[in-house]
Amino acid sequence: MNHTTVPAYAAPSPKAPLERITVPRRAPGEHDILIEIKYAGICHSDLHTVRGEWGDDGNFPIVPGHEIAGVVAAVGSGVTRYAVGDRVGVGCFVDSCRTCENCLAGLQQYCTGELGMVGTYGATGRDGQVTYGGYSTHIVVDENYALRIPDSIPLDAAAPLLCAGITLYSPLAHWKAGPGKKVAIVGLGGLGHMGVKIAHAMGAEVTVLSQSLRKKDDGLRLGAAHFHATSDPATFEALAGTFDLIVNTVSADVDLDAYLGLLRTGGTLVQVGAPEKPLPISPFALITQRKSFAGSMIGGIPETQEMLDFCGKHGLGADIELIRADQINEAYERVLASDVRYRFVIDTATI
Ligand SMILES: [Zn+2]
Ligand SMILES: [Zn+2]
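Residues numbered from 1 in each chain as written. Chains lettered and ligands numbered in written order. Predicted model: local features only at pLDDT ≥ 70, side-chain atom pairs only at ≥ 80, totals over all residues.

- As annotated in an unreviewed UniProt entry, the protein chain is alcohol dehydrogenase (NADP(+)) from Streptomyces eurocidicus.
- UniProt annotates the protein chain under Catalytic activity (unreviewed entry) with the comment "a primary alcohol + NADP(+) = an aldehyde + NADPH + H(+)".
- In its Sequence similarities (unreviewed entry) section, the UniProt record describing the protein chain reads: "Belongs to the zinc-containing alcohol dehydrogenase family." (UniProt positions renumbered as here; feature names shortened; annotations may be inferred.)

Rendered as structure tokens:
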């Protein structure tokens, strides 16, 4: 058997609603594992991709989903890391060149090799086949690109950790959020709510900067010590020079100079949201207090495992709203309206 076909939800063409189809999955090779997917999170990137907003013509039909949690159902003959029944996850990529400096350092998300980071969906893998993501019942991946999900995290709450969780964990760890550090998270959505939980668990003093005070109770419940509205100009005066680290999860236009003004001397503003247009920045906002503006994208395999283990130890998962597969299109509309607290997760048994 060369491959099998499995049910999935796909966008047949850009901007078309998602519908049920079947897609091929390769037969597990020597180092592959077959995962029975239990849950798949809905990430904002899924919407951008199926709507053709990120500039590529895309490999339609696209089966989105790169926040995957499931159970190992079969293993190839050479698999050593996993056994049938293990709880596992798959994040934003399923392969990379494995030989470049970054891959060797465990930074597969920044692979500079010819193959590059192979996205979990809509990409072309080393076998020349298009990848299909987690809105599906099964997926086959190389064991080196799967993650172990600790028993203490329910699988549905674990799924969003594979993108939203690591997207925030990586910059918080890299820029050393921890005791004695004041950290601001800009935006309290799918990404931001994980940022608050993780930064708080790391021991930092966390502030949420949200457009309004509408989600204040949630922010404080999730672990923030302070919550301020960015629509109020007084916020930027009151908090000037406060933070060691600010992580901006907002993908809309923001006034970067205003946020840089909230950093202490030597502080760093990290961008993880991806706006379509360039954002202006005044060099003086950086120069005069040795501040940094930086970017960060998901995390490599070792750091993603570290994040899952950290979340397991601290009892962290995402706050989710579980949906059936036939509610995906409706959920997309609600994601666009920021009407979710804080991540939709698909029960893949309903596909
Ligand atoms: Zn994502
Ligand atoms: Zn590489």
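1. Observations concerning the overall build of the protein chain
In step 1: Broken down by element type, the protein chain carries 11 helices and 17 strands.
In step 2: Against the compact-globule benchmark of 20 Å for 351 residues, the protein chain has a radius of gyration of 20 Å, which places it among compact chains.
In step 3: Dimensions of the protein chain along its principal axes, counting C-alpha atoms only, are 65 × 40 × 40 Å.
In step 4: By the burial criterion, 47% of the 351 residues in the protein chain qualify as buried.
In step 5: Residue pairs in contact within the protein chain that sit at least 24 positions apart in sequence constitute 66% of those at least 6 positions apart. (Helix = DSSP H or I, 4+ residues; strand = E, 2+ residues; numbered from the N terminus. Rg over C-alpha atoms; globule rule 2.2 N^0.38 Å. Buried ≥ 20, exposed ≤ 12 C-beta atoms within 10 Å, placed from the backbone. Contact = placed C-beta atoms within 7 Å.)

2. Some points on the domain arrangement of the protein chain
In step 1: Under the domain assignment used here, the protein chain contains domain 1 (3-163 + 299-350) and domain 2 (165-295).
In step 2: A C-alpha centroid distance of 27 Å is found between domain 1 and domain 2.
In step 3: Opposite the 19 residues of domain 1 that make contact, domain 2 presents 13 residues.
In step 4: Each residue belonging to the side of domain 1 that touches domain 2 can be placed in one class, and the counts come to nine nonpolar, six polar and four charged. (Domains from an automatic or database assignment. Nonpolar A, V, L, I, M, F, W, Y, C, P; charged D, E, K, R; others polar.)

3. Some thoughts on the environment of E303
In step 1: With respect to the secondary-structure elements, E303 resides in helix α10 (residues 301-314).
In step 2: Each C-alpha atom of the pair E303 and G223 lies 23 Å from the other, and the pair is 80 residues apart in sequence.
In step 3: Among residues more than four places away in sequence, those in contact with E303 are G106, I166 and S170.

4. Focus: the sheet that holds strand β12 (residues 226-229)
In step 1: A sheet is described by the order of its strands in space; here six strands give the open sequence β12-β11-β10-β13-β14-β15, paired in parallel fashion. This sheet does not close on itself; its edge strands, each paired only once, are β12 and β15 (292-295). On average, adjacent strands in this sheet sit at an angle of 20 degrees to one another, irrespective of strand direction.
In step 2: As paired elements, strand β13 (residues 243-248) and strand β14 (residues 263-271) share five bridges and run parallel to each other. Bridge pairing in β14 links L245 to T268.
In step 3: Lying on the sheet, helix α5 (residues 190-201) is in contact with β10 (182-186), β11 (205-210) and β13; it crosses β10 at an angle near 165 degrees. (Pairing = 2+ DSSP bridges. Axes fitted to C-alpha atoms, helices over the stretch in contact; angles between N-to-C directions.)

5. With respect to the packing of helix α4 (residues 164-174) against α5
In step 1: Packing of α4 against α5 leaves a shortest axis separation of 8 Å and a crossing angle of 50 degrees. Taken together, α4 and α5 sit at an angle that is classed as oblique. Of the two possible hands of crossing, α4 and α5 adopt the one that is right-handed. Across from A164, G165, T167, L168, Y169 and L172 in α4, the residues of α5 making contact are G190, L191, M194, G195, I198 and A199.
In step 2: Residues of the contact of α4 with α5, tallied by class, amount to eight nonpolar, four polar and no charged. (Parallel < 35°, antiparallel > 145°, perpendicular 65-115°, else oblique. Left-handed = near helix turned anticlockwise from the far one by under 90°.)

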